[in-house]
Amino acid sequence: MSPRVVLIGPPGSGKSTVGAALAGLLDVPLHDTDAAIEAAAGRSISDIFIEDGEPTFRELERAEVARAVEQEHGVLALGGGAPVDPLTEQVLAGQVVVFLDVGIADASRRVGFDQSRPLLAVNPRASWVRLMNERRPVYERVATHRVDTAGRTPQAIAEEIATLLGSS
Ligand SMILES: Nc1ncnc2c1ncn2[C@@H]1O[C@H](COP(=O)(O)OP(=O)(O)OP(=O)(O)O)[C@@H](O)[C@H]1O
Ligand SMILES: O=C(O)C1=C[C@@H](O)[C@@H](O)[C@H](O)C1
Ligand SMILES: [Mg+2]
């Protein structure tokens, strides 16, 4: 069993929010790897970063994405940095992967850059832009579809993806 669709994109692109709307439209479960990692660890991602370091988080994430791609059958929302891992990129090959594209203006409005995102804790806007510049080639390479989310509601974006999947 594998997911119907995998959502990737930077923080604030709406993977979790659009994922929930899309799961509702398709009547399938949403599985969010960030939430699964937090539930399994009994700690927030922010605490995992602080207490164990980013490399430990990335190992947990790599294992969780590989498990989810094997076992989940609904909408799979990944953490923002997940596709950057080369093994994860291999695991995603052959999946339907949608890149939720967004610019700094919309991401900033949506996220407000609170302290829950450890990589954006210092100079959040500049850090977001740097991450997005580094990752955009990866997101574009890994994705089978790209959807522009700027100025659109999660429901409208979910409907576009459902149409892409041929199920609406
Ligand atoms: N298309 C949208 N329009 C307006 N607000 C949105 C949209 N998509 C998401 N949001 C809001 O932006 C915030 C971040 O969304 P979400 O948590 O889904 O992003 P994410 O891509 O999962 O981020 P992360 O990588 O940090 O998990 C939420 O408050 C959500 O309600
Ligand atoms: O962009 C990133 O690297 C991250 C995004 C979040 O989804 C979490 O996976 C974590 O905060 C790291
Ligand atoms: Mg999320």
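Residues numbered from 1 in each chain as written. Chains lettered and ligands numbered in written order. Predicted model: local features only at pLDDT ≥ 70, side-chain atom pairs only at ≥ 80, totals over all residues.

J.: What's the story with the site of ligand 1 in this structure? I'm lost.
T.: Taken together, 20 residues sit near ligand 1, with G14, S16, T17, G80 and R110 positioned nearest. Here the shell around ligand 1 gets four residues from one element, more than from any other, and that element is helix α1 (residues 15-26). By residue class, the composition of the shell around ligand 1 is five nonpolar, 10 polar and five charged. (Near = placed C-beta within 6 Å. Helix = DSSP H or I, 4+ residues; strand = E, 2+ residues; numbered from the N terminus. Nonpolar A, V, L, I, M, F, W, Y, C, P; charged D, E, K, R; others polar.)

J.: What exactly am I supposed to notice about the UniProt feature "binding site: ATP" (unreviewed entry) in the protein chain here?
T.: Feature annotation in UniProt places "binding site: ATP" (unreviewed entry) on G12, S13, G14, K15, S16, T17, R117 and R152, given in this structure's numbering. Across 141 residues in sequence, these annotated residues place their C-alpha atoms as far as 23.1 Å from one another, rather than forming a single compact spot. Counting through the fold element by element, R117 comes out in the loop between α6 (104-111) and α7 (124-142). A count of 18 C-beta atoms within 10 Å places R117 in the partly exposed class. Positionally, R152 belongs in the loop between β5 (145-148) and α8 (154-164). (UniProt positions renumbered as here; feature names shortened; annotations may be inferred. Buried ≥ 20, exposed ≤ 12 C-beta atoms within 10 Å, placed from the backbone.)

J.: Quick question: what am I supposed to make of the packing of helix α3 (residues 45-52) against helix α4 (residues 54-71) here?
T.: Packing of α3 against α4 brings their axes to within 7 Å, and their N-to-C directions diverge by 130 degrees. Viewed along their axes, α3 and α4 adopt a mutual orientation that is oblique. Mapping the contact onto sequence places I45, I48, F49 and D52 in α3 and E54, T56 and F57 in α4. Looking at the contact of α3 with α4 residue by residue, the classes come out as four nonpolar, one polar and two charged. (Axes fitted to C-alpha atoms, helices over the stretch in contact; angles between N-to-C directions. Parallel < 35°, antiparallel > 145°, perpendicular 65-115°, else oblique. Contact = placed C-beta atoms within 7 Å.)

J.: What exactly am I supposed to notice about the site of ligand 2 here?
T.: Taken together, P11, D34, I45, G79, G80, G81, R117, P118 and L119 make up all the residues around ligand 2. Tallied by class, residues from the shell around ligand 2 come to four nonpolar, three polar and two charged.

J.: What should I look at first to understand the UniProt feature "binding site: substrate" (unreviewed entry) in the protein chain in this one?
T.: Here, the residues flagged by UniProt with the feature "binding site: substrate" (unreviewed entry) are D34, R58, G80 and R135. With respect to the helices and strands, D34 occurs in helix α2 (residues 33-41). With near-sequence residues (within four places) excluded, D34 lies in contact with I45 and G79. Looking at where R135 falls in the secondary structure, it is placed in helix α7. Beyond its immediate chain neighbours, meaning those up to four positions away, R135 contacts P10 and V84.

J.: Sorry if this is basic, but what is going on with the nonpolar core here?
T.: Here is a general trend for soluble globular proteins: nonpolar side chains tend to be buried in one another's company. Counting 35 residues, the largest nonpolar core has V6, L7, I8, V75, L78 and V98 as the members making the most contacts within it. Taken together, the elements giving at least two residues each to this core come down to β1 (5-8), α1, α4, β3 (75-77), α5 (86-92), β4 (97-101), α7 and α8. (Core = buried A, V, L, I, M, F, W, Y, C linked by C-beta atoms within 7 Å.)

J.: Is there a simple way to explain the packing of α1 against α8 in this structure?
T.: When two helices pack together, their arrangement is given by the angle between the helix axes and by the axis-to-axis distance. One way to put it is that α1 packs onto α8 with a least axis distance of 8 Å and a crossing angle of 55 degrees. As judged from the angle between their axes, α1 and α8 are oblique. For the pair α1 and α8, the crossing hand works out as right-handed. In contact with T17, V18, A21, L22, L25 and L26 of α1, α8 contributes P154, Q155, I157, A158, E159, I161 and A162. Classifying every residue of the contact of α1 with α8 gives 10 nonpolar, two polar and one charged. (Left-handed = near helix turned anticlockwise from the far one by under 90°.)

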